[in-house]
Amino acid sequence: MVLFNVSRKDTTPFDGQKPGTSGLRKKVKVFIQPNYLENFVQASFNALTAEKVRGATLVVSGDGRYYSKEAIQIITKMSAANGVRRVWIGQNGLLSTPAVSGVIRERIGPDGSKATGAFILTASHNPGGPNEDFGIKYNMENGGPAPEGITNKIYEYTTTIKEYFIAEDLPDVDIATTGVTNFTGPEGPFDVEVFDSASDYVKLMKSIFDFESLRKLLSSPKFTFCYDALHGVGGAYAKRIFVDELGAQESSLLNCTPKEDFGGGHPDPNLTYAKELVARMGLGKSESKGEPPEFGAAADGDADRNMILGKRFFVTPSDSVAIIAANAVEAIPYFSGGLKGVARSMPTSAALDVVAKSLNLKFFEVPTGWKFFGNLMDAGLCSVCGEESFGTGSDHIREKDGIWAVLAWLSILAYKNKDKTEDKFVTVEDIVRQHWAAYGRHYYTRYDYENVDAGAAKELMSYLVKLQSSLSEVNQIIKGIRSDVSNVAHADEFEYKDSVDGSISSHQGIRYLFEDGSRLIFRLSGTGSEGATIRLYIEQYEKDPSKIGRLSQDALAPLVEVALKLSKMQEFTGRSAPTVIT
Ligand SMILES: O=P(O)(O)OC[C@H]1O[C@H](O)[C@H](O)[C@@H](O)[C@@H]1O
Ligand SMILES: [Mg+2]
């Protein structure tokens, strides 16, 4: 039994340790300053209070990005010093964000213990490496991100912190090897367990989906498959699930070795950054040789996001959640008893609204950020939810779940193709087009202006809010830009009242809602680490079946023109084009 001591260290506050939409994300250079991580971790312990921390079982792991290994050792030593009873670490420090949520909710340790929370080490879809981003966030006992009440408290503690506690002489834990190591400190035993990153998650997925029918789909000669983990932590699950469990070929996995710098790429599953997959699926400027697979998907660094593609076909995330909701009861055993309700974030298209209405389901529109779904799920009000930002998930955990979304789509494909004797395979594109024919189509696009001057971004937003005070003026401007665009019927800043705890979140995005159901939304990203990112969301609803087959960019061209001119985008930002279009 190894003994350790607790040291008290003097420290002084750092500016700017306020957790954003999903934790604290900064450049690695910022995080590696002496005491920077330590201050944040101690502030988190202080905010959680000694009562919750003493005797706790904490999960500490993440997407494996640069600086994770060092951070895991520091957090383990600080946990020991703060009276935590046990630390659980995924092998090599790897656990996807959804896997952490599942581990907190479901895993039972060898001694019968259950986790009480987690430090997740990730900056999600931001690049990694010595010059890129690192991040940390705390998740609670329900498996979901800490609510604002806690993150605000953490922040307050970071502004006044004077000391932290660390077991400096605790030996570094070998995170490459599974097993339990026992230590003893001044207050008693402290254990570290390193466990297989995938087993618990695989078990959870098996309890939700019908793996037998998925195996059948993957073994069908009519079906071909491809998954790109963009060198994120999704790779640690892809082989186990898609290859070992479901029988996909190894060659169908792209970039599935987790890397500290994500192979130098930007681990964000969209049409811009998932280049290799996009080319393989026949959607790139330069196509790869051969027939593209029937199904393709990608994940972000921490594998909570997903992009779903068919052969030469892109499924918008807003359509994806609507289609999953529409088919969940028939295609996914976990939902066979019915859906409790569905929810989407405000900028996500209203495709889900139409499904909810037609299936008579409870429906919620929440601000951007997965945490808003958690309360609804804890209250038993929501089964399936999604965001335009490539996030889709369900109440099996309290995070969005990239691999879950892939399995949901595979389940829908398996369901639509079961008992099919004729040669025709029902493709991803068929499923989406059938959905549009039944429910109407929400043409949708998002323009991102990344790393814009923060002052300029604020000015643009204030200008748009000011404009909202006179709708007649707005409509006059719009008529001057395009006479074929309908009138704005309502404009506001989105405010949300949580129907469970009554809390109010204001300034959640600027909305221009048109008479014909079209919407223009402007928001500042809450996840960047430098400058400001302006997001512009453009949506138009088309019910007429003869008009649902247009190219999205053609259908949306008039609204795009209105959005850019109305907001004076180029004047404010100096940008003539967005950085990313999805
Ligand atoms: O604030 P943004 O950059 O638009 O990012 C928004 C997204 O950030 C994270 O990924 C959150 O987990 C999502 O729930 C949210 O939709
Ligand atoms: Mg992510």
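Here the structure is a predicted model, which means the values were calculated and not measured. (Residues numbered from 1 in each chain as written. Chains lettered and ligands numbered in written order. Predicted model: local features only at pLDDT ≥ 70, side-chain atom pairs only at ≥ 80, totals over all residues. Heavy atoms only, no water.)

## Quick look at the overall build of the chain
Rules: A run of H or I in DSSP counts as a helix once it spans at least four residues, and a run of E counts as a strand once it spans at least two, with each numbered from the N terminus. Atoms counted for the radius of gyration: C-alpha only. Globule rule: 2.2 Å times residue count to the power 0.38. When accessible area is computed with a 1.4 Å probe and restricted to protein chains, residues below 20% of their type maximum are described as buried, those above 50% as exposed, and intermediate ones as partly exposed. Each accessible area is a Shrake-Rupley estimate made with a 1.4 Å probe; only the visible protein chains count as cover when residues are assessed. Counted charges follow a simple rule, with Lys and Arg positive, Asp and Glu negative, and His plus the chain ends left uncounted. All charge positions are set by atom: Lys at NZ, Arg at CZ, Asp at CG, Glu at CD.
The helix and strand inventory of the chain stands at 19 helices and 27 strands. Relative to a compact globule of 582 residues, whose C-alpha radius of gyration would be 25 Å, the chain shows 24 Å and is just as compact. Principal axes of the C-alpha set define a box for the chain whose edges measure 75 × 60 × 45 Å. Counting every position in the chain, which comprises 582 residues, the buried fraction comes to 59%. Looking at the chain as shown, the accessible area adds up to about 22500 Å², and 48% of this sits on carbon and sulfur atoms. Looking at charge distribution, the chain has the averaged site of its 64 positive side-chain charges lying 2 Å from that of its 74 negative ones.

## A closer look at the pairing of strand β19 (residues 391-394)
In plain terms, the rule: Two strands make a pair as long as DSSP finds a minimum of two bridges between them.
Of the two faces of β19, the one carrying Gly391 and Gly393 and the one carrying Thr392 and Ser394 are both buried. Hairpin connection between strand β18 (residues 384-387) and β19: a loop of 3 residues separates the two successive antiparallel strands, and Phe390 in this loop has a positive phi of roughly 65°.

## Some remarks on the nonpolar core
Operational definition: Only buried Ala, Val, Leu, Ile, Met, Phe, Trp, Tyr and Cys residues count toward a nonpolar core, and they belong to the same one when joined by side-chain atoms within 4.5 Å. In this description, contact between two residues means that some pair of their heavy atoms is separated by no more than 4.5 Å.
Grouped together as the largest cluster of nonpolar side chains are 82 residues, with contacts concentrated most on Tyr227, Phe242, Phe295, Leu407 and Leu410. Here this core takes 11 residues from helix α14 (residues 402-417), the largest share from any one element. The contact partners of Phe295, leaving out residues within four places of it in the chain, are Phe223, Thr224, Phe225, Cys226, Met281, Ile308, Leu309, Val406, Trp409, Leu410, Leu413 and Val428.

## Focus on the pattern of salt bridges
This is how the line gets drawn: A side-chain nitrogen of Lys or Arg and a carboxyl oxygen of Asp or Glu constitute a salt bridge if their distance falls within 4 Å.
Across all of its chains, the model carries 40 salt bridges by this definition. For the salt bridge of Arg511 with Glu365, the shortest nitrogen-to-oxygen distance reads 3.8 Å. With Arg511 in strand β24 (residues 510-514) and Glu365 in strand β17 (residues 363-366), the pair connects residues that are 146 residues apart, well separated along the chain. By relative accessible area, Arg511 is classed as buried at 12%. A relative accessible area of 23% means that Glu365 is categorised as partly exposed. Connected via shared salt-bridge partners are Arg344, Asp353, Glu365, Asp492, Arg511, Arg519 and Glu539.

## With respect to the layout of surface pockets
Note the threshold: Every definition here rests on a 1 Å grid over the protein atoms only: cavities are sets of points where a 1.4 Å probe fits but cannot get out, pockets are open sets enclosed by protein on both sides within 12 Å along at least five of seven lines, and lining residues have some atom within 4 Å of a point. Grid points are joined across faces, edges and corners, and a volume is the space filled by probe spheres set on the points. All amino acids are sorted into three groups, where Ala, Val, Leu, Ile, Met, Phe, Trp, Tyr, Cys and Pro are nonpolar, Asp, Glu, Lys and Arg are charged, and the leftover types, Gly among them, are polar.
Of the voids in this model, the second largest pocket is the one considered here, and its volume is about 1100 Å³. Forming the walls of the second largest pocket are 40 residues, and the residues nearest its centre are Leu271, Leu283, Phe314, Gln553 and Thr582. When residues of the lining of the second largest pocket are traced back to their parent elements, those giving at least two are α10 (275-280), β15 (313-315), α11 (317-331), α15 (428-439), β20 (441-452) and α18 (552-566). Sort the elements by how many residues they give to the lining of the second largest pocket and β20 lands first, with 7 residues. Partitioning the lining of the second largest pocket into residue classes produces 19 nonpolar, 11 polar and 10 charged.

## Remarks on the site of ligand 1
To be explicit about the condition: One heavy atom within 4 Å of a molecule or strand is enough for the residue carrying it to be called near that molecule or strand. We define a polar contact as two N or O atoms separated by no more than 3.5 Å, with the added condition that, inside protein, one atom must be a possible hydrogen donor and the other a possible acceptor, whereas residues neighbouring each other in sequence contribute only through side-chain atom pairs.
Around ligand 1 lies a shell of 14 residues, among which Glu387, Lys400, Ser525, Thr527 and Arg535 are the nearest. Here Ser389 contributes a side-chain N or O atom positioned 2.8 Å from an oxygen atom of ligand 1. Take Arg535: an N or O atom from its side chain is 2.6 Å from an oxygen atom of ligand 1. For ligand 1, whose accessible area on its own is 390 Å², the fraction buried by protein is 98%. Broken down by class, the residue content of the shell around ligand 1 amounts to 1 nonpolar, 8 polar and 5 charged.

## Details of unusual backbone geometry
Within the chain, Thr49 stands out as a residue other than glycine whose phi angle is a positive 75°. By the secondary structure assignment, Thr49 is in the loop between α2 (36-48) and α3 (50-53).

## Comments concerning the side chain of Lys400
Mapped onto the elements, Lys400 comes out in the loop between β19 and α14. Given the relative accessible area of 9%, Lys400 is considered buried.

## Section: the coordination of the magnesium ion (ligand 2)
Note the threshold: Excluding water, the donors of a metal are its N, O and S neighbours within 2.8 Å, or within 3.2 Å for Na, K and Ca, and that exclusion means sites may look incomplete.
Around the magnesium ion (ligand 2), the protein contributes the donor atoms Ser124 (OG), Asp300 (OD), Asp302 (OD) and Asp304 (OD), at 2.0 to 2.1 Å from the metal centre. Donor residues for the magnesium ion (ligand 2) sit on one chain with the sequence pattern S-x175-D-x1-D-x1-D. The buried category is assigned to Asp300, whose relative accessible area is 0%.

## Brief notes about the sheet that holds strand β13 (residues 295-299)
The strands making up a sheet associate through hydrogen bonds between their backbones, and the pairing can be parallel or antiparallel. The sheet built from 5 strands is open, its strands ordered β12-β11-β13-β14-β15 with mixed pairing. Looking at strand neighbours, the two that pair on one side only are β12 (253-254) and β15, the edges of this open sheet. Relative to strand β14 (residues 306-310), β13 runs antiparallel, the two being bridged by 5 bridges. Bridged to Ala297 within β14 is Ile308.

## Considering the UniProt feature "domain: Alpha-D-phosphohexomutase alpha/beta/alpha" (unreviewed entry) in the chain
Using the following cut-off: UniProt positions are given in the numbering used here, feature names are shortened, and annotations may be inferred rather than shown by experiment.
Residues annotated in UniProt with the feature "domain: Alpha-D-phosphohexomutase alpha/beta/alpha" (unreviewed entry) correspond here to residues 17-164, 200-309 and 318-419. Between the end C-alpha atoms of residues 318-419 the distance is 29 Å, and the span holds 46% helix and 16% strand.

## Overview of α11
Cut-off, in case you're wondering: Bend is the name given here to the angle between axes fitted to two runs of seven residues, the run ending at a residue and the run starting at it.
At Ala325, α11 shows its largest bend, some 35°. In terms of burial, α11 is largely enclosed, as 13 of its 15 residues are buried.

## Some thoughts on empty space enclosed by the protein
For the structure on display, the rule yields 2 cavities of 30 Å³ or more. By volume, the second largest cavity amounts to about 30 Å³. Together, Asn306, Met307, Ile308, Val315, Pro317, Ser320, Phe390 and Thr392 line the second largest cavity. Breaking the lining of the second largest cavity down by element, the ones donating at least two residues are β14 and α11. Here the residues of the lining of the second largest cavity sort into 5 nonpolar, 3 polar and no charged.

## Description of the sheet that holds strand β16 (residues 342-345)
What counts is decided by this rule: Here the axes come from fitting lines to C-alpha atoms, over the contacting stretch only for helices, and the angles between their N-to-C directions go from 0 to 180 degrees.
Strand order across the open sheet formed by 4 strands is β17-β16-β18-β19, with mixed pairing between neighbours. Edge positions in the sheet fall to β17 and β19, since each of these pairs with one other strand and no more. Averaged over all adjacent pairs, the angle separating strand axes in this sheet is 15°, with direction ignored. Sheet topology places β16 next to β17; 4 bridges connect them, and they run parallel.

## Points about the side chain of Thr573
Here Thr573 lies in helix α19 (residues 569-573). A polar atom in the side chain of Thr573 sits 3.1 Å from the backbone nitrogen of Arg575. In this structure, Thr573 is in contact with Val452, Leu460 and Ile534, ignoring residues within four places of it in sequence.

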